[in-house]
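Given next are the chains, with one letter for each unit.
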Amino acid sequence: MFELSKEGVEFVKKEMQRYETKRSAIIPALYKVQEENGGWVSPECVTYLSQLMDLPEVWINEVLNFYTMFNKEPVGKYHVQVCCNVSCAMNGGRELADHLCKELNIKDGRHSEDGRYTLSRVECLGSCGTAPMMQVNDKYYENLTKESAVQILKELP
Amino acid sequence: MEVKVLTKHYDKPEYRSLEGYKKYGGYEVLKKALGMKPEEIVAQVKEAGLRGRGGAGFPTGVKWGFLPNNGEPRYLVCNADEGEPGTFKDRMMMEKAPHQLIEGMLISAYAIQSKKSYIYIRGEYMEPYRIVEKAIQEAYDAGFLGKNILGSGFDHDMDVYRGAGAYICGEETALLSSLEGKKGQPKLKPPFPAVEGYLRKPTIVNNVETLAAVVTIVKDGPKEYRKYGTEKSPGTKIFSVSGNVLKPGNYEVPLGYPLKDLIYNLCGGLKPGRQLKAVIPGGSSAPVLTAEEAERATLDYECLAEMKSMLGSGAVIVIDDSNCMVDLLKVIMHFYHHESCGQCTPCREGTGWLDKIVGSIYKGEGRLQDIQLVEQVSKHMMGRTICALSDAAAMPAISFVQKFRSEFEFYVREGRSKVKEVIANA
Ligand SMILES: Cc1cc2nc3c(=O)[nH]c(=O)nc-3n(C[C@H](O)[C@H](O)[C@H](O)COP(=O)(O)O)c2cc1C
Ligand code: SF4
Ligand code: FES
């Protein structure tokens, strides 16, 4: 059974008061659940949240399924998102993604064999002037080269 | 030369904090504004001719004037969803000058008599989110937010909201649905948000840069604001330049500034040996300009409209001759297909078809009639959907195949890109 930590529950309760409607707290609550559930939101998390927030499960699923930042499947410790939209594509973003797959032992284009990394090719992240770039969990890394990107990822704890 | 009005103090790291911001005159304009009548401020914004910086260029003062006088509470919402490919100015503004945005929002909120505002920031912008959240707290602590602000009797509360990854949430009605905790699907307009917006209450949605510009207008007055720019495009604007220039980045210039000066002077031009091939002047939704068009374009709403493109969000994507236009269109079409919310048949099906057709040309499996098909499909996607995403996909598609037709034809005939030969022969 999934349950939020005490601190997590308090956070959700506060968010439920923070906005005009309780429903607006679904996004922040899902972020919290994702964080505490190892990077993804399982169906069981949705049931739990629905009870905690006293909101219908369909409302939570509607949000979960609409937004790309919620992972509906398990992800690695580091979720590496490489921008492959136009300005990054023009500056080697796609080749960077390919290179990372090779270097990090990501054979299916998605997860590394050791479960440390999940790679996604994503749309514009608003760093087009510092292309190519990647987002690793919350953080942006810009003006990358193939070498610097690999080094950054390998040096993460 | 850049003309730094909005970005004048952006090079100072301390400008991010309340103390630093105040050192350079921060919140003085708010004091001035609170001594004016709200309708005076609306009139000044109208007179200044400020046009929305989020993409559509709609006159801000006019939009504010659409609010009904029915005694209902009004909301102000700042659109910081910034998802238009090529755009990265709002992120910089929030990171460098969160208090400028807050002051602009406070003045705007006072002008439209709103007691509550939200800044809706795209989910990926965690760093700007933290910075803005902290700045709001600082503003509360200093008495710029809350009850009876600076003894004026005006109350205002402000908060941030974090999105969760969806380009379509940049569309204002989708943004408001998202803010209500729902999926971000656009709604048919009218009713416009000014009449029925957040929680069905009158709501003004404005872009980050638009709201920050309000500070300048009230500070200097509309006449001074109009010193820069053109009659129909007054003021300065921040352009996000990316792609194949030597010095990409954000540049603030007066509207009406020559595009070629932006590329060759401010951004250092292209890599040695490269030739300009094309420019997308206003984010990926804007029809592409040929090099020849780009050489004579000026960066204002009217010139780019005349060239059948648009200023959009001010994202200038510079394309040199090492790029294959089939490849770039494929990337762009994939994006719109991925981001269509799927409510409207022409958009859902059309973006899917465009993605597929251009993709098959790219794979060398295209037929000559597919090029025409791109145009046909695109034409059926325009002007018949709930929001403008469908048009935003169709317009660039048409412009790419019309303006670079021979390159598309070569690709179809030979099953490969012409560009490699161009480079080899250079
Ligand atoms: C598909 C789509 C995406 C949009 N994305 C953004 C965006 O990321 N940021 C923004 O400010 N406006 C965006 N807009 C425009 C908004 O709907 C709205 O016009 C704007 O926020 C109004 O602010 P302004 O008048 O200050 O420009 C988008 C519109 C559409 C149709
Ligand atoms: S035009 Fe496309 S994105 Fe806009 S509402 Fe219709 S389906 Fe959704
Ligand atoms: S195109 Fe990659 S960050 Fe914008």
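Cut-offs used in this document
- Residues numbered from 1 in each chain as written.
- Chains lettered and ligands numbered in written order.
- Predicted model: local features only at pLDDT ≥ 70, side-chain atom pairs only at ≥ 80, totals over all residues.
- Heavy atoms only, no water.
- Pairing = 2+ DSSP bridges.
- Helix = DSSP H or I, 4+ residues; strand = E, 2+ residues; numbered from the N terminus.
- Axes fitted to C-alpha atoms, helices over the stretch in contact; angles between N-to-C directions.
- Domains from an automatic or database assignment.
- Contact = heavy atoms within 4.5 Å.
- Salt bridge = Lys/Arg side-chain N within 4 Å of Asp/Glu carboxyl O.
- Near = heavy atom within 4 Å.
- Polar contact = N/O pair within 3.5 Å; in protein donor to acceptor, adjacent residues only side chain to side chain.
- Areas by Shrake-Rupley, 256 points an atom, 1.4 Å probe, with all protein chains shown as cover.
- 1 Å grid on protein atoms, 1.4 Å probe; cavity = no way out; pocket = protein on both sides within 12 Å on 5 of 7 lines; lining within 4 Å.
- Sits in = over half its atoms within 2 Å of the grid points.
- Nonpolar A, V, L, I, M, F, W, Y, C, P; charged D, E, K, R; others polar.
- Buried < 20%, exposed > 50% of the residue type's maximum accessible area, 1.4 Å probe, protein only.
- Arc of directions from axis to C-beta.
- Patch = residues over 30% accessible without salt bridge, like charges linked within 9 Å, V, L, I, M, F, W, Y side chains within 5 Å.

## As for the sheet that holds strand β4 (residues 203–207) of chain B
Residue and element names in this part refer to chain B.
- Across the sheet, which stays open at both edges, the four strands sit in the order β3-β2-β1-β4 with parallel pairing between neighbours. The open sheet terminates on both sides in strands that have one partner only, identified here as β3 (157–162) and β4. Looking at each pair of strands side by side, their axes are set apart by 20° on average, direction ignored.
- Sheet analysis places strand β1 (residues 75–80) next to strand β2 (residues 116–121), joined by six bridges and oriented parallel. Bridge pairing links N79 to Y120 in β2.

## Details of the domain arrangement of chain B
All names here are of chain B.
- Considered domain by domain, chain B is made up of domain 1 (13–225), domain 2 (238–320) and domain 3 (325–425).
- Computed over C-alpha atoms only, the centres of domain 2 and domain 3 are separated by 22 Å.
- Facing the 15 residues of domain 2 at the interface are 15 residues of domain 3.
- Where domain 2 meets domain 3, there are two salt bridges.

## Here we look at the site of ligand 1
Residue and element names in this part refer to chain B.
- Neighbouring ligand 1 are 19 residues, the closest being G54, N79, N206, N207 and T210.
- Contact between ligand 1 and G83: an oxygen atom at 3.3 Å from a main-chain N or O atom of the residue.
- Alone, ligand 1 offers 610 Å² of accessible surface; in the complex the protein occludes 90% of this.
- When atom positions are compared with the pocket grids, ligand 1 is found to occupy the largest pocket.
- For the shell around ligand 1, the element with the most residues is β4, which contributes three residues.
- Grouping the constituent residues of the shell around ligand 1 by class yields five nonpolar, eight polar and six charged.

## Some thoughts on the sheet that holds strand β11 (residues 315–320) of chain B
All names here are of chain B.
- As summarised here, the arrangement of the five strands in space is β6-β5-β11-β8-β9, forming an open sheet in which the pairing is mixed. The strands lining the two open edges of the sheet, one partner per strand, are β6 (249–254) and β9 (289–290).
- With six bridges joining them, strand β5 (residues 236–243) and β6 adopt antiparallel strand pairing. From the neighbouring strand, S240 faces β6, where its bridge partner is N250.

## A short note on the environment of L368 of chain B
Residues and elements named next belong to chain B.
- Here L368 lies in helix α16 (residues 368–380).
- For L368 and A80, which are 288 residues apart along the polypeptide, the C-alpha to C-alpha distance reads 42 Å.
- Residues within four places of L368 in sequence aside, it is in contact with E409 and V412.

## With respect to the site of ligand 2
Residue and element names in this part refer to chain B.
- Surveying the vicinity of ligand 2 reveals 13 residues, the closest of which are C341, Q343, C344, C347 and C387.
- When atom positions are compared with the pocket grids, ligand 2 is found to occupy the largest cavity.
- For the shell around ligand 2, the class distribution of residues is eight nonpolar, five polar and no charged.

## Considerations on the pattern of salt bridges
- Within this structure, the stated rule accounts for 40 salt bridges over all chains.
- The salt bridge involving E15 of chain A is made with R18 of chain A; its shortest N-O contact spans 3.0 Å. Of this pair, E15 of chain A and R18 of chain A both sit in helix α1 (residues 6–18), three residues apart, roughly one helical turn.
- Note that K201 of chain B is salt-bridged to E72 of chain B, the shortest N-O span being 3.3 Å. One end of the pair, K201 of chain B, is in the loop between α8 (172–179) and β4; the other, E72 of chain B, is in the loop between α4 (60–65) and β1, with 129 residues separating them in the sequence.

## Section: helix α7 (residues 146–155) of chain A
Residue and element names in this part refer to chain A.
- When α7 is considered as a whole, its buried residues turn out to be A149, V150 and L153. Considered in projection along α7, the buried side chains sweep an arc of 95° and stay on one side of the axis. Every exposed residue of α7 that faces more than 90 degrees away from the buried side is listed here: E147 and E155.
- Buried residues along α7 sit against β1 (78–83), α6 (93–103), β2 (117–122) and β3 (134–136).

## Some thoughts on a nonpolar patch on the surface
- The grouping of F58, V62 and F66 of chain B at the surface amounts to a nonpolar patch, some 260 Å² of accessible area in total.
- Tracing the backbone through its elements, the reader meets F58 of chain B in the loop between α3 (38–48) and α4.

## Structural notes on unusual backbone geometry
- The peptide bond linking K189 of chain B to P190 of chain B adopts the cis configuration, its omega dihedral lying at -10°.
- Residue P191 of chain B is bonded to the preceding P190 of chain B through a cis peptide linkage, with omega at 0°.
- Of note, N143 of chain A is a non-glycine position whose phi angle comes to about 50°, a positive value.
- Its location among the elements puts N143 of chain A in the loop between β4 (139–141) and α7.
- Given a relative accessible area of 53%, N143 of chain A falls into the exposed group.
- For N148 of chain B, which is not glycine, the phi torsion reads 50° and is therefore positive.

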